[in-house]
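# Observations on chain architecture
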Amino acid sequence: MSNINPAYFTAFENIAMSRTESGVLTVRFHTGDGPATFTGRLHTDFPRALHEIGEDRDNKVLILTGTGDRFMTDIDGASLGDITKPAQWDRTLGEGRRVMQRLADLEMPIIAAVNGPASVHSEYALLADIVVAADTTVFSDFPHLTFGIVPGDGIHIVWEEALGLNRARYLTLTQGSFTAEEAERWGAVAEVHPLDKVLSRAEELAENLAAKPQLLTRYLAVTLRQRVSRRMAEGLQVGMALEGLTAADLAYQS
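The present account deals with the structure reproduced in this document. Owing to the predicted nature of the structure, the values given are computational and were not obtained by experimental measurement. (Residues numbered from 1 in each chain as written. Predicted model: local features only at pLDDT ≥ 70, side-chain atom pairs only at ≥ 80, totals over all residues. Heavy atoms only, no water.)

Our next topic: the sheet that holds strand β10 (residues 191-193). With mixed pairing, the six strands of this open sheet are ordered in space as β1-β2-β4-β6-β7-β10. Bordering the open sheet on either side are β1 (15-19) and β10, each of which pairs with just one other strand. Recorded for the sheet is a direction-independent mean angle of 20° between the axes of neighbouring strands. Relative to strand β7 (residues 130-134), strand β6 (residues 110-114) runs parallel, the two sharing four bridges. Directly across from A112, in β7, lies its bridge partner V131. (Pairing = 2+ DSSP bridges. Helix = DSSP H or I, 4+ residues; strand = E, 2+ residues; numbered from the N terminus. Axes fitted to C-alpha atoms, helices over the stretch in contact; angles between N-to-C directions.)

Have a look at this one:
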């Protein structure tokens, strides 16, 4: 493995990357090195970052985490552009489809270190092969129903896979939330720890995986995510199209 970090490590404003000698890559969402606010820039950059990560064979295991005491809870809706316009939604749809499909198809194990509340894009974390969450974590979906649009960007698929069909439908329709402890009981989270132990536990798990032959871990990831990859391929275009239709309707509501 090269000792020189590739250029893409520092190419994305709100994505910090670091890698151990063994090939464990940590991707950390942030805004100004503080807790991340989801923006149009991050929406554009994350699928590009995943492409670079997937093409780099020096990456053996991915840890996905946030900054500070939360995974992601804030969103800058205005920065996403005028989503009532078809041309803007076409771009949003393309980026949203690519980020979820690339996560599902990433040829390495993914471990989520969920460092507190995740009310924006919790699907990024819950899609991981192993989810380690802080005991302060609460999962929810703040933006979609708050903005008045269908949650069709992959969260509908991930929640159903992680939580079960009826529970996912109930929580979506009621804009409900669930704690890390509940998620652990339901099988959506593997381990719950105090906040200050979450990342170190994720690193321990990642290093154990990175010590295995890379072909084994690559094809374990492919094998274990076949179902979710297929569901993304089948459901994202329709889900985001319907989300875009409800977004367009916002312009006509009094």
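Moving on, we get to the pattern of salt bridges. Across all of its chains, the model carries 12 salt bridges by this definition. For R91, the salt bridge identified is with E95, shortest N-O distance 3.2 Å. With R91 and E95 both in helix α2 (residues 86-105) and four residues apart, this pair spans about one turn of that helix. Three or more residues joined by partner-sharing salt bridges are found here, namely E160, E161, R227 and R231. (Salt bridge = Lys/Arg side-chain N within 4 Å of Asp/Glu carboxyl O.)

Ranked by size, the top nonpolar core spans 55 residues in total, and within it M17, F29 and Y124 carry the most contacts. With six residues, the top contributor of residues to this core is helix α5 (residues 155-163). Contact partners of M17, with chain neighbours within four places excluded, come to Y8, F9, F12, L25, T26, V27, A49 and I53. Within the second largest apolar cluster, 13 residues are counted, among which are I111, V132, L209 and A210. (Core = buried A, V, L, I, M, F, W, Y, C linked by side-chain atoms within 4.5 Å. Buried < 20%, exposed > 50% of the residue type's maximum accessible area, 1.4 Å probe, protein only. Contact = heavy atoms within 4.5 Å.)

Below, the discussion takes up the environment of A188. Relative to the helices and strands, A188 resides in the loop between α7 (180-186) and β10. Those residues in contact with A188, other than ones at most four positions away along the chain, are L126, V131, A162, L163 and A183.

Strand β4 (residues 61-65) sits mainly inside the fold: five of its five residues count as buried. Burial along β4 is two-sided: V61, I63 and T65 and L62 and L64, pointing in opposite directions, are all buried. Here five bridges tie strand β2 (residues 24-29) to β4, and the two strands are oriented parallel to one another. In the sheet register, T26 faces β4, and the bridge partner there is I63. By the bridge criterion, four bridges tie β4 to β6 in an arrangement that is parallel. Across the sheet, residue L64 finds its bridge partner in β6, namely A112.

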